[in-house]
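Here's the letter readout for the chains.
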Amino acid sequence: MSETIRGKGVISGIAVGTVMLAGQNLDGYLAAYHPGTLAEEESKAEAAIAAVTETLLTTIERLRKEDQAEQAAILEAHRMMVQDPMMADNIRSKIDACGSAPQGILDAANEQAQVFEQMEDEYFAARAVDLRDVGKRIAKYILGVKEPEPGAGQLILCGEEIEPSVVAGMPTDQIAGVILGSGSATSHVVIIAKARAIPTVLGIGDKIELISDGDEVILDGSRGDIVIRPTEAERALYETKIDEQKKLAAHYAALKDLPAVTKDGVRIELTANIGTHMDVDNALTYGAEGVGLFRSEFIFMGSSTIPTEEDQFKVYRAAVEKCGDHICVIRTMDIGGDKPLPYLNIDPEENPFLGYRALRISLDRHDLFLPQIKAILRAGLYGKAAMMVPMVISVSEIQRVQKLVEQAKVELAHEGKEYSDDVQVGIMVETPAAAVVSPLLSAYVDFFSIGTNDLIQYTLAVDRGNAQIAHLYNPFNPAVLRLIQRTIQSARERGIWAGMCGEMASDPYAAVLLLGMGITELSMSAPSIPRVKEMIRSVTSTQAKDLLADVMKMEHGVDIRAYVHKMLGDTTGAVAEG
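Residues numbered from 1 in each chain as written. Predicted model: local features only at pLDDT ≥ 70, side-chain atom pairs only at ≥ 80, totals over all residues. Heavy atoms only, no water.

S.K.: Explain the nonpolar core to me, please; I cannot follow it from the model alone.
M.R.: Nonpolar side chains tend toward joint burial in soluble globular proteins. Core analysis: the largest hydrophobic core is formed by 98 residues, its most contacted members being Leu270, Phe294, Tyr316, Met387, Ile484, Met500 and Leu522. When sequence neighbours within four positions are dropped, the list of residues in contact with Met500 reads Ser449, Ile450, Thr452, Ile484, Ala505, Leu514, Ile519, Glu521, Leu522 and Ser523. Counting 32 residues, the second-largest nonpolar core is a separate cluster that includes Val52, Phe116, Val134 and Ile138. (Core = buried A, V, L, I, M, F, W, Y, C linked by side-chain atoms within 4.5 Å. Buried < 20%, exposed > 50% of the residue type's maximum accessible area, 1.4 Å probe, protein only. Contact = heavy atoms within 4.5 Å.)

S.K.: When you look at the packing of helix α13 (residues 309–323) against helix α15 (residues 366–379) in this model, what are you seeing that I'm missing?
M.R.: A pair of packed helices can be characterised by two numbers: the angle between their axes and the separation between those axes. Where α13 meets α15, the axes come as close as 8 Å, and the angle between the chain directions of the two elements is 35°. Helix-helix and strand crossings are classified by hand; for α13 and α15 the assignment is right-handed. Across the interface between the two elements, Glu309, Glu310, Gln312, Phe313, Tyr316, Arg317 and Val320 of α13 pack against Pro371, Gln372, Lys374, Ala375, Ile376, Arg378 and Ala379 of α15. In the contact of α13 with α15, the residues fall into seven nonpolar, two polar and five charged. (Axes fitted to C-alpha atoms, helices over the stretch in contact; angles between N-to-C directions. Helix = DSSP H or I, 4+ residues; strand = E, 2+ residues; numbered from the N terminus. Left-handed = near helix turned anticlockwise from the far one by under 90°. Nonpolar A, V, L, I, M, F, W, Y, C, P; charged D, E, K, R; others polar.)

S.K.: In this structure, what is going on with the pattern of salt bridges? I would like to understand it.
M.R.: Here the idea is simple: oppositely charged side chains can pair when their charged atoms come close. Applying the stated rule across the entire model yields 25 salt bridges. For Asp225, the salt bridge goes to Arg223, with nearest N and O atoms at 3.0 Å. Its relative accessible area of 47% is what places Arg223 among the partly exposed residues. Residue Asp334 is joined to Arg357 by a salt bridge in which the shortest nitrogen-to-oxygen separation is 3.2 Å. In this pair, Asp334 is assigned in the loop between β12 (327–331) and α14 (359–364) and Arg357 in the loop between β12 and α14, connecting sequence segments 23 residues apart. Judged by relative accessible area, which is 4%, Arg357 ranks as buried. Several salt bridges converge on common partners, so that one network encompasses Glu309, Glu310, Lys374, Arg378, Glu411, Glu415 and Lys417. (Salt bridge = Lys/Arg side-chain N within 4 Å of Asp/Glu carboxyl O.)

S.K.: Explanation requested: the environment of Ala108 in the structure shown.
M.R.: Turning to its location among the elements, Ala108 is positioned in helix α5 (residues 101–117). Here Ala108 is in contact with Met87, Asn90, Ile91 and Lys94, once residues within four sequence places are set aside.

S.K.: Where do I start with helix α24 (residues 557–568) in this structure?
M.R.: Spanning twelve residues, α24 covers 17 Å between terminal C-alpha atoms, matching the ideal 16 Å at 1.5 Å per step. Buried residues of α24: Gly557, Ile560, Val564 and Leu568, and no others. Relative to the axis of α24, the buried residues are bounded by an arc of 55° and lie together on one face. Opposite its buried face, α24 presents the exposed residues Val558 and Lys566, each directed more than 90 degrees away. Summarising the contacts, the buried residues of α24 are in contact with α20 (478–494), α21 (508–517), α22 (529–537) and α23 (541–551). In the stretch just after α24, Gly569 is the one whose phi turns positive, near 70°. (Expected span 1.5 Å × (residues − 1). Arc of directions from axis to C-beta.)

S.K.: Please clarify how the pairing of strand β11 (residues 291–295) should be interpreted in this entry.
M.R.: Taken residue by residue, a regular strand's side chains alternate between the two faces of the sheet. When you tally the buried positions in β11, you get five out of five residues, the bulk of the element. Bridge count between strand β10 (residues 267–274) and β11: three bridges; the pairing is parallel. When the sheet's bridge partners are listed, Ile274 is paired in β11 with Phe294. Of the strand pairs in this sheet, β11 and β12 are connected by three bridges, and their pairing is parallel. Bridging from a neighbouring strand, Phe294 pairs with Ile330 of β12. (Pairing = 2+ DSSP bridges.)

In structure tokens, the structure reads:
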């Protein structure tokens, strides 16, 4: 008997295949393991780390030869985790405590993963899966556990969590789809699946227990539907949908190299939000015209000490070079409060979102901020780099930033290091204060990029993570729209560009209102680019302005959203967010 469950569709497409349960449980292997002396266990761990490193290097090389740069970069990050000195120290400590090499390795990886899981930022929380994957690979080497052999035919990989290495290690043409009990859209499993255009559904929770190894499954990555053991009628229905999906995919593929320009010639630059330089290749496959938000925090999160200028420079340069002639906007460190780092020694805060974070830390800690500024300035020699400062509330903060930029240039010149004098400096407008005083701030910066995630939260005093009030979190609220319009208008009057890098930028309907306000750049998750591009190409700037004029007379956000959808219709197709 068939059964349908629903999760969150994160990669569009329909897949039909046989379930292969992934993510092996090692409890039985650990129970049967007989450890030796501490010296022997530590030696086993060192040998396993060396062996796993060698395997990763071989796989990375193969992926590069196959032109799978994105997946190679992800496994390169795993290789760095395996060889991280801090991880090695932690493993030794845990082995000394428990007396078992595989258990100590798993404990060390789990401890570091828990640090990431506690963070509010979804991107960094998703890195916990990578750390556990690395620990599991090393432990399995010692335990002699082999990966399950995939059978013939199309497979749907299914698991509570699936290690990125499992997906990366299997041929693309054999994986029809991916189902995750938990996980997030920013996890490396999803990134790999996205690079391979593998339909993916996550967040089905305990319903994953309804799916057994060997079950036939139909997966709809657009709607998030999973049909277990489908009937003949259901198979026929989905065959029709698969044909429609192929036509839609071909349609979006044809848009990739076309500009986001309205029918009357107004052009909007569509860029991508990324977490590391490894994400650029994937973004370009969706037609991204550069990077509108490079979250630099991952460099700081992945280190046990303050990242050096040289370490940062290499990462920024790689991203800037990949962007070619297009812009690469690097946001300076947005850490603190909900993203604690051991070397910052920040006391726990009751409300980290209103606390000691981001620019507030940077302006206090020149030992953190100056190396980052210098690294960005140096990376500017290799493309069109820009620096964006988060959590600004006043002109005085920007004036202090400018002084530090000048100081960084003086130090670089004194050190004999070349740098670009053409790196734009802008701010992320994510506080109501910055939006209100945007006419003043515009005199001191080269651009604004509106961060709607926090701007909406701060403006409406709504925690969107709180289920009881999440319905109040509405980007179409008149207060939010007025702050956004004021910011864009301030930029236009000063002759600087204004963009947006919050989630609102990925909404095709909101994009038309923003177009009417005069925005010039929208940065979003890469898979959202084709939908937004199609919407922009379907309207004129005059239509956008007329729609905006109607909307700004309205009083209720719910009514505004409904009106915009009614006037524009559903011209974007049923494609899931990535």
